[in-house]
Each structure stands twice: as C-alpha cells, then as structure tokens.
Amino acid sequence: MRVVVTGSSGRLGRSVCAGLAASGHEVVGIDLAPAGLEGVDERGADLADARGTERMLAGLRPEAVVHLAGIAVPFSAPERDILLTNTALAHTVLAASAAAGVTRVLAASSPTVVGYSSPAWRAASVPIDERHPLEPAHAYALSKLVIEETVRMFSRTTAGAFGFFRPCYVVSPEEWAGAPTQQGHTMAERLADPALAAVSLFNYVDARDAAGFVDAWLAAPGELVDGEGFFVGAADALATRPVAELWREFAPGLGESADRLTGREPVFAIRKAAHRLGWTPRHDWRTELAAAVSPTTRGTTAETRTA
Ligand SMILES: NC(=O)c1ccc[n+]([C@@H]2O[C@H](COP(=O)([O-])OP(=O)(O)OC[C@H]3O[C@@H](n4cnc5c(N)ncnc54)[C@H](O)[C@@H]3O)[C@@H](O)[C@H]2O)c1
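The structure reproduced in this document is the subject of the present report. All values derive from a computational prediction rather than experimental measurement.

Comments concerning the packing of helix 3 (residues 79–99) against helix 4 (residues 139–157)
Then, in step 1: Running from N to C, helix 3 and helix 4 cross one another at 20°; their axes reach a closest spacing of 8 Å. The orientation of helix 3 with respect to helix 4, classified from their angle, is roughly parallel. In the crossing of helix 3 with helix 4, the sense of the turn from one axis to the other is right-handed. Between helix 3, through E79, I82, L83, N86, T87, A90, H91, L94, A95 and A98, and helix 4, the contact on the second element is made entirely by A139, Y140, L142, S143, V146, I147, T150, V151, M153 and F154.
Then, in step 2: Taken together, the residues that form the contact of helix 3 with helix 4 break down as 14 nonpolar, five polar and one charged.

Written out as structure tokens, the structure is:
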C-alpha cells in the first residue's frame, strides 16, 4: 500500500515510517525537513500551506495517510499556537486526503484528552478505556479532542475509513538507550522517580509497537476502524511497583478504583485494539531498559518480578 506519513522526522514518525517500510508498504514521509530515513521517500513541505498540501496529496495519490505532524508537547508553545496549529494542520491534511480520494486516514490524538493534567481531575473508573469521559485541561489536549471530532466529521461525510489513535508516552529506541526524552530526563530517571511517570499516569508505548498498531490499523476491515479511536499503550505500567501501591501518593486523581489494577497492569486499557485489530505490544521497559537501569532500580525490578 502507498502510505503518506506526516511528521515523518519526529519521534513517532521515524519508527512508523521504518515499521511500515519493513512490512512492505511504499512509504512517503512529509515533514518540514527530512530525517534521512532508509527506504522512505521523504518530502520537505510545510503542511500549514493548505493549497500546497492539497496539490502534494493529489500528486502522490496515496491509498492511506497517517497524520502525525503537529506540536507534540503540552505547553511547549503558547496555548493559542498549539490549539490553532494542531487543529489547522489536521483539518488541512484530512481535507486534502478526502479531496485526493484517499480511503484510509489515521490521525494521532493523545490520552491527555481524558483530562488527567488537571489537579482537580478524577477518573470515572480505572482501568481507563475508550468509553471514559473526555475533559481536556489544556490547549494541547483540546486540540486533540478537536482532531478526534474532525476525524469523525470526515468519517461521516467521506467514503473510506477515517480513524484516530491515542498513543501513550512514546519511547523511541534511542531513548531506551539513554537519549533524553521530550521532558529532558532519561527513561531510567523516569522509572526511578514515580513522580515523573505519574504525570502521564505511568503510561508509555514503544515507538515500534505504535508502528505495529498503525500497520494493523491499515490492514483491518474498514468497518472495524471507521470513526473509531484506540488507546495504544504498553501491556504494563511504567513503574517498578504496582500502580495500586503508588496512586495514593503520586496520582490521587485515579481514585479508589485504581486499587483494582493487579500487578503490572497499566492504567490505560488496550483491549479494544487487541480485540478489533489483533494488535498487542511486543516491547516493555524491563527488557528495553535492562542495559541502562541503575543498580538500585534493577534491584527493585527483580523484587517486583518475584512478587
Ligand atoms: N510523543 C508522545 O509521547 C505522544 C503521545 C501522544 C500523542 N502524540 C502525538 O503523536 C504525533 C507525533 O508525536 P512525536 O512525539 O513524534 O512529535 P515530534 O515533535 O517528534 O514530531 C512531530 C513532527 O511534526 C513535524 N511538523 C510540525 N509542524 C509541521 C508542519 N507545519 N509541516 C510539516 N511537518 C510539521 C515536526 O517537524 C516534527 O518532525 C503528534 O501528533 C503528537 O501530538 C505523541
């Protein structure tokens, strides 16, 4: 399948392009600047240019578009810029895809749409799945909710399948190896201090697993994914102790239903993606970080394993 991936030079885009190319897709990456990706036809373009984007997609005539480009970190730009940039880019890319007759379009949303960034937030129930209420608490989360509704609008009005996914905190292969994450700390530091991972409710996903999800989404029958959203996360929590032991101190918004989480179970459920698409993650922090964890963390991990 010929697939266009926007945001191809980013943390997630690089792995999505590599994964799709490895599974036999013809991949065209669009970003402001190329990243030098092997086996990917990279095009430099500013997707804020609506006419240019429409011309480019009409010329490329892809069968599928995966829209990842945007401002990916809350508060990394003025709130108004995040809202306007992310929502405008998504509408531009989805409208250009529809105009070019693309029949498979997947856009990146975020788990932040449920609203956990606000100190006043309380989970309706844990584990959190796709039925959880949405209460965005900053412009980034609001932009993602608008993107989800934009996807649904195209799903209602356009032939083909339009859907979205909510990748958890994306960890790229180089970040497992020690490169700084989007917050500046390393993955070993994020695990050693539960307060760091609690900010995103201990969620994470390996970028290659997110790529596997995209591949599975593209292969699924249209009626299973059209207008639908999916949480995409790891099978465990990013924590050396069970979330049921940590939430009272570090994530009180989860509330007492978090006591139901057993062992390594993550806060965000990935059952829907498993049931509908047959997708399950293959990577977890214990194996990926084995070479990088500190002696203290390694000891805790061993205890958790035998618990
Ligand atoms: N990284 C995460 O933990 C995470 C979690 C949930 C959702 N997401 C979403 O996934 C997507 C990808 O995230 P990421 O971590 O790879 O972000 P990233 O910042 O690493 O990559 C985003 C890419 O979009 C490109 N881009 C931005 N504006 C553009 C424009 N006008 N024209 C062309 N390209 C443009 C950037 O150059 C960049 O390469 C984003 O939509 C993000 O909101 C990411």
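And the narrative resumes.
Side note on helix 4
Note that an α-helix has 3.6 residues per turn; residues three or four places apart therefore point the same way.
Then, in step 1: Between its first and last C-alpha atoms helix 4 spans 27 Å; for 19 residues at 1.5 Å apiece the expected length is 27 Å, and the two agree.
Then, in step 2: Looking at helix 4, one finds that the buried residues are A139, Y140, A141, S143, K144, L145, I147, E148, T150, V151, F154 and S155.
Then, in step 3: Looking at the buried side of helix 4, the elements it contacts are helix 3, strand 5 (104–108) and strand 6 (161–167).

Some points on the pairing of strand 5
Then, in step 1: The element strand 5 is extensively covered by neighbouring structure, given that five of its five residues are classed as buried.
Then, in step 2: Here strand 5 shows two buried faces, one formed by R104, L106 and A108 and the other by V105 and A107.
Then, in step 3: When strand 4 (residues 64–67) meets strand 5, the two strands line up parallel, connected through four bridges. Bridging from a neighbouring strand, A64 pairs with R104 of strand 5.
Then, in step 4: In the classification by handedness, the crossover that spans strand 4, the intervening helix 3 and the parallel strand 5 is right-handed.
Then, in step 5: Direction of pairing for strand 5 relative to strand 6: parallel, over a ladder of five bridges. Residue pairing for strand 6: R104 is matched across the bridge by A161.

Things to note about the environment of P173
Then, in step 1: In this fold, P173 is placed in helix 5 (residues 173–176).
Then, in step 2: Sequence spacing of P173 and R11 is 162 residues, and the spatial spacing of their C-alpha atoms is 9.4 Å.
Then, in step 3: Ignoring any residue separated from it by four or fewer positions in sequence, one finds P173 in contact with S15 and R208.

So, how was this worked out
- Residues numbered from 1 in each chain as written.
- Predicted model: local features only at pLDDT ≥ 70, side-chain atom pairs only at ≥ 80, totals over all residues.
- Heavy atoms only, no water.
- Axes fitted to C-alpha atoms, helices over the stretch in contact; angles between N-to-C directions.
- Helix = DSSP H or I, 4+ residues; strand = E, 2+ residues; numbered from the N terminus.
- Parallel < 35°, antiparallel > 145°, perpendicular 65-115°, else oblique.
- Left-handed = near helix turned anticlockwise from the far one by under 90°.
- Contact = heavy atoms within 4.5 Å.
- Nonpolar A, V, L, I, M, F, W, Y, C, P; charged D, E, K, R; others polar.
- Expected span 1.5 Å × (residues − 1).
- Buried < 20%, exposed > 50% of the residue type's maximum accessible area, 1.4 Å probe, protein only.
- Pairing = 2+ DSSP bridges.
- Right-handed = clockwise from strand over helix to strand, strands pointing away.

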